[in-house]
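Residue strings, one per chain:
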Amino acid sequence: MIAAIPFPDLSSEIFSISLFGLEFALRWYALAYIAGIVLGWWLAVRCLRRPALWHADTPPMTPKQAEDLLTWVILGIIAGGRLGFVLFYMPGYYLSNPLEIPMIWTGGMSFHGGLLGVVVAVAVFCWRNGIAPAPTADMMALATPPGLLLGRLANFVNAELWGRPSDLPWAVIFPGQRAQDCGQPAGELCARHPSQLYEAGLEGLVLGLAIWILVRRGWLKTPGAVAGVFFAGYGLARFFVEFFRQPDAQFQTPGNPLGLALHVNGYGLTMGQVLTLPMILGGLALVFWARRRMATPVAP
C-alpha cells in the first residue's frame, strides 16, 4: 500500500436538469469563473471608492466605468484563452480542424492567452474612454487573484490538470485511466502531486494577500507597480509549480517524457515556463520603471 490520499467523492456538476430532451448542468468550473469575476469586480469597486489609495487621490475610473469594463474583460478572457490554447499548445491540430476553434465547450483554455486577451481588452477600453492604463492595470492586478484561487480549486474538483507521479504522503490518487497510467506495477495505484492546489495557494492566496498588503501600504500611489508585482509574482509561482505539473501530452514523446517545449539532452523548459519567463522579466521591469518614474523629480 502506498501512503497517499484517495480523491474525495466530488462531482464536477453542482446540479443538472433535463429540458426537452437536453441535459443542462451547472459545473463548479463555471461557478468558479462567475464567482471570481464578481469578487474581482467587488474588490475593484471598493478601491475605486477610496480616492486616498490612488496617486493624487484620483481613482482611474468611476465604479460605473468599472462595470462597463467588466464586459470587455469577460470577452478578453474567453477569446484570448481559447486562441492562446489553439496557438500555444495545438496549432497543427486546429489548423487542420479550424471549425473546432470556437468550440470552447469541448475544453481547452490557456491562462496566458486569457491574460493577453484581457490586456488587449483593457487597453482598448482605456483608449476609447481616455482612461490612464497604468492605474487601471493595477486595479486589474488586485482583482485577479480571487479568480485564480477559485479556478484552480475547480480544476481539483474536476480531477484535471493533476501533477506528476509522487510518493509524498499528500499525493492524491486521482480517478480516471489517464491519471492512473503512470507506469506503476500492475495492480498498484498511481498517486500524483495535487498541483492544482499548489497553484491555488501560490497564484491565488499568497499572491492575492501580498498584493492586498502592498495596496494597504500605498502602492497604488505608484501607477504600474502593483501590476508589475502581479505579473512577476504569478510568473514565479507558475514557473515553480510547472516542476510538479503533469507534462503537456502534446509535447511528450519517447525521447521527451517530461513534455518539455524547449530542451537539450533532456533539460529544458515546459511550455508553461516558456510563456511565464516574459511575465517575470516584464513584471520586474514594470515595478522598476514605475517606482523610478515616481522618484524622478518633475522639471519646473
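Shown above is the structure to which this text applies.
Residues numbered from 1 in each chain as written. Predicted model: local features only at pLDDT ≥ 70, side-chain atom pairs only at ≥ 80, totals over all residues. Heavy atoms only, no water.

> Whenever I open this one, the packing of helix α8 (residues 225-241) against helix α9 (residues 271-295) confuses me. Can you help?
If you want to describe how two helices pack, look at the angle between their axes and the distance between the axes. Following both chains from N to C, one finds α8 and α9 inclined at 150°, their axes separated by 7 Å at the closest point. For the element pair α8 / α9, the angle class is roughly antiparallel. Viewed along their axes, α8 and α9 form a crossing whose handedness is left-handed. Where α8 abuts α9, its residues Ala225, Ala227, Gly228, Val229, Phe231, Ala232, Tyr234, Gly235, Leu236, Arg238 and Phe239 lie against Gly272, Gln273, Thr276, Leu277, Met279, Ile280, Gly283, Leu284, Leu286, Val287 and Ala290. In terms of residue class, the contact of α8 with α9 is made up of 15 nonpolar, 6 polar and 1 charged. (Axes fitted to C-alpha atoms, helices over the stretch in contact; angles between N-to-C directions. Helix = DSSP H or I, 4+ residues; strand = E, 2+ residues; numbered from the N terminus. Parallel < 35°, antiparallel > 145°, perpendicular 65-115°, else oblique. Left-handed = near helix turned anticlockwise from the far one by under 90°. Contact = heavy atoms within 4.5 Å. Nonpolar A, V, L, I, M, F, W, Y, C, P; charged D, E, K, R; others polar.)

> Whenever I open this one, the packing of helix α4 (residues 111-129) against α9 confuses me. Can you help?
Relative orientation of the contacting elements α4 and α9 amounts to 35°, with a least axis distance of 10 Å. The segment α4 lies against α9, with Phe111, His112 and Leu115 engaging Gly272, Leu275, Thr276 and Met279. Here the contact of α4 with α9 is built from residues that sort into 4 nonpolar, 3 polar and no charged.

> Please clarify how the state of the cysteines should be interpreted in this entry.
Linking two cysteines covalently through their sulfur atoms gives a disulfide. All chains considered together, the criterion is met by 1 disulfide. What pairs with Cys182 in a disulfide is Cys190, and their sulfur atoms sit 2.1 Å apart. With the S-S dihedral at roughly 135°, the linkage between Cys182 and Cys190 falls on the right-handed side. On the basis of relative accessible area, Cys182 is assigned to the partly exposed category, the value being 26%. According to the relative accessible area criterion, Cys190 is buried, its value standing at 1%. Among the cysteines around Cys47, which has no disulfide bond, Cys126 carries the closest sulfur, lying 16 Å off. Residue classification places Cys126 among the buried positions, given a relative accessible area of 3%. (Disulfide = S-S within 2.5 Å. Buried < 20%, exposed > 50% of the residue type's maximum accessible area, 1.4 Å probe, protein only.)

> Explain empty space enclosed by the protein to me, please; I cannot follow it from the model alone.
Unoccupied space between atoms shows up once a probe the size of one water molecule is rolled over them. Scanning all chains against the criterion turns up 1 cavity of 30 Å³ or more. The space that makes up the largest cavity amounts to roughly 40 Å³. Looking at the largest cavity, the residues that line it are Glu242, Arg245, Gln246, Pro247, Asp248 and Thr270. Residue composition of the lining of the largest cavity, by class: 1 nonpolar, 2 polar and 3 charged. (1 Å grid on protein atoms, 1.4 Å probe; cavity = no way out; pocket = protein on both sides within 12 Å on 5 of 7 lines; lining within 4 Å. Points joined across faces, edges and corners; volume = space filled by probe spheres on them.)

> I'm lost on the layout of surface pockets in this one. Help?
Of the volumes computed, that of the second largest pocket is approximately 240 Å³. If you trace the second largest pocket, you find it lined by Leu39, Leu43, Leu142, Pro145, Pro146, Leu149, Gly204, Leu205, Gly208, Leu209 and Trp212. When contributions to the lining of the second largest pocket are tallied by element, the ones reaching two or more residues are α1 (28-48), α6 (145-157) and α7 (195-216). Broken down by element, the residue count for the lining of the second largest pocket peaks at 5 residues, all from α7. Each residue belonging to the lining of the second largest pocket can be placed in one class, and the counts come to 9 nonpolar, 2 polar and no charged.

> Sorry, what's going on with the environment of His193 here?
Tracing the chain through its elements places His193 in the loop between β4 (172-173) and α7. Taking the C-alpha atoms as reference, His193 lies 19 Å from Gln252; in sequence the two are 59 residues apart. Sequence-distant contacts of His193, that is, excluding residues within four places in its chain, are made with Trp162, Gly163, Arg164, Pro165, Ser166, Leu168, Phe174, Tyr198 and Phe244.

> Could you clarify how one ought to interpret the nonpolar core in this entry?
Side chains of nonpolar character tend, in soluble globular proteins, to be buried together. Within the largest apolar cluster, 33 residues are counted, with the highest numbers of intra-cluster contacts made by Met61, Leu69, Met139, Ile211 and Phe230. At 5 residues, the largest contribution of residues to this core is made by α4. The residues touching Met61, leaving out its near neighbours within four places in the chain, are Leu48, Ala66, Leu69, Phe125, Ile131, Thr136 and Met139. The next biggest cluster of nonpolar side chains, apart from the first, holds 7 residues, and it includes Ala159, Trp162, Val172 and Phe174. (Core = buried A, V, L, I, M, F, W, Y, C linked by side-chain atoms within 4.5 Å.)

> Help me out: how do you make sense of the pattern of salt bridges in this one?
Pairs may arise between side chains of opposite charge once their charged atoms sit close together. Under the criterion given, the structure shown has 7 salt bridges. For the salt bridge of Arg245 with Glu199, the shortest nitrogen-to-oxygen distance reads 3.1 Å. Remark: Glu199 occurs in helix α7 and Arg245 occurs in the loop between α8 and β5 (262-264); sequence separation between them is 46 residues. Accessibility assignment for this pair places Arg245 and Glu199 in one class, buried. A salt bridge links Glu242 to Arg245; its shortest N-O distance comes to 3.7 Å. Each of the two residues, Glu242 as well as Arg245, counts as buried. A single salt-bridge network, built from bridges that share partners, covers Arg152, Glu199, Glu203, Arg238, Glu242 and Arg245. (Salt bridge = Lys/Arg side-chain N within 4 Å of Asp/Glu carboxyl O.)

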